[in-house]
Amino acid sequence: MADLDSLPIAEKVAFRRNSVRVMRDLLALSTLMIQAEEYERGKDLFFVPSRKIWFLFGGTIKRLSPDLGESIESRFNSINTMLDRSIPSNTTLVAGLKELNSFLDQAVEISDEKL
């Protein structure tokens, strides 16, 4: 695979847009798993990969919408902390995930409009 920096601008933009969408979709799957109280699978298979995409492309969202970027990062961090507990509070965790899902929906819109 070609290095991202070597791609033409249009392809970089498309890659970033698609990555933001994948991040949102992975988080939605994580939310479903957590609602089913499948904490380990929800975290390992979907939440962690979504958060890794945030680490790669969150700076772009922060640049385009600093408040939204800060909200997303804060929720990722707090949810990660909750998932590290042996028995997380399902109600609190699901509420946080749903809020983060909403923020990521906004990130996709911003990504589509401004990238």
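Residues numbered from 1 in each chain as written. Predicted model: local features only at pLDDT ≥ 70, side-chain atom pairs only at ≥ 80, totals over all residues. Heavy atoms only, no water.

1. Let's talk about the overall build of the protein
To keep things clear, this is the line we draw: The helix count covers DSSP runs of H or I at least four residues long, the strand count covers runs of E at least two residues long, and both are numbered beginning at the N terminus. To get the radius of gyration, use the C-alpha atoms; to get the globule rule, take the number of residues to the power 0.38 and multiply by 2.2 Å. Accessibility here uses a 1.4 Å probe with only protein chains present; expressed as a share of the type maximum, an area under 20% marks a residue as buried, one over 50% as exposed, and anything in between as partly exposed. Every residue pair with non-hydrogen atoms within 4.5 Å of one another is taken to be in contact. Residue exposure ignores everything except the shown protein chains as possible cover, and the areas themselves are Shrake-Rupley values with a 1.4 Å probe. In this tally, Asp and Glu contribute negative charge and Lys and Arg positive charge; neither His nor the terminal groups of the chain are included. Charge coordinates come from a single atom per side chain, which is NZ of Lys, CZ of Arg, CG of Asp or CD of Glu.
The helix and strand tally for the protein stands at 4 helices and 0 strands. In sequence order, the protein lays out its α and β elements as α-α-α-α. Relative to its length of 115 residues, the protein is compact, with a C-alpha radius of gyration of 14 Å against a globular reference of 13 Å. Projected onto the principal axes, the alpha-carbon positions of the protein cover approximately 45 × 30 × 20 Å. Each of the 115 residues in the protein was classed as buried or not, and the buried ones make up 41%. Counting only contacts in the protein whose residues sit at least 6 apart along the sequence, the fraction spanning at least 24 positions is 70%. Surface accessibility of the protein: about 6500 Å² in total, with carbon and sulfur atoms responsible for 52%. One way to put it: in the protein the 15 positive side-chain charges average out to a point 2 Å from where the 17 negative ones average out.

2. Re helix 3 (residues 66-84)
The periodicity of an α-helix, 3.6 residues per turn, causes residues three or four positions apart to be oriented the same way. Keep this limit in mind: Every helix has an expected span of 1.5 Å times one less than the residues it contains.
Given a rise of 1.5 Å per residue, 19 residues ought to cover 27 Å, and the 27 Å separating the end C-alpha atoms of helix 3 matches this to within 8%. Those residues of helix 3 that are buried are in contact with helix 1 (9-35), helix 2 (39-64) and helix 4 (90-114).

3. Digging into the packing of aromatic side chains
The cut-off we apply is this: Each Phe, Tyr or Trp ring (for Trp, its six-membered ring) is paired with any other whose centre lies within 6.5 Å, and the angle between the two planes then decides the class: stacked below 30 degrees, edge-to-face above 60, tilted in between.
Enumeration over the complete set of coordinates arrives at 3 aromatic pairs. On the basis of an interplanar angle of 65° and a centroid distance of 5.8 Å, the ring pair of Phe 15 and Phe 57 is categorised as edge-to-face. One end of the pair, Phe 15, is in helix 1; the other, Phe 57, is in helix 2, and 42 residues separate them in sequence. The class for Phe 15 is partly exposed, based on a relative accessible area of 33%. Under the relative-accessibility criterion, Phe 57 is labelled buried at 9%. The structure contains a cluster of three or more aromatic residues connected by ring pairs, namely Phe 47, Trp 54 and Phe 76.

4. Concerning the nonpolar core
To be explicit about the condition: Nonpolar cores are built from buried Ala, Val, Leu, Ile, Met, Phe, Trp, Tyr and Cys residues. Side-chain atoms within 4.5 Å join them into one set.
Of all hydrophobic cores here, the largest spans 28 residues; its most connected members are Ile 72, Phe 76 and Ile 79. Of all the elements in the fold, those that place two or more residues in this core are helix 1, helix 2, helix 3 and helix 4. By residue number, the principal contributor to this core is helix 4, which donates 9 residues.

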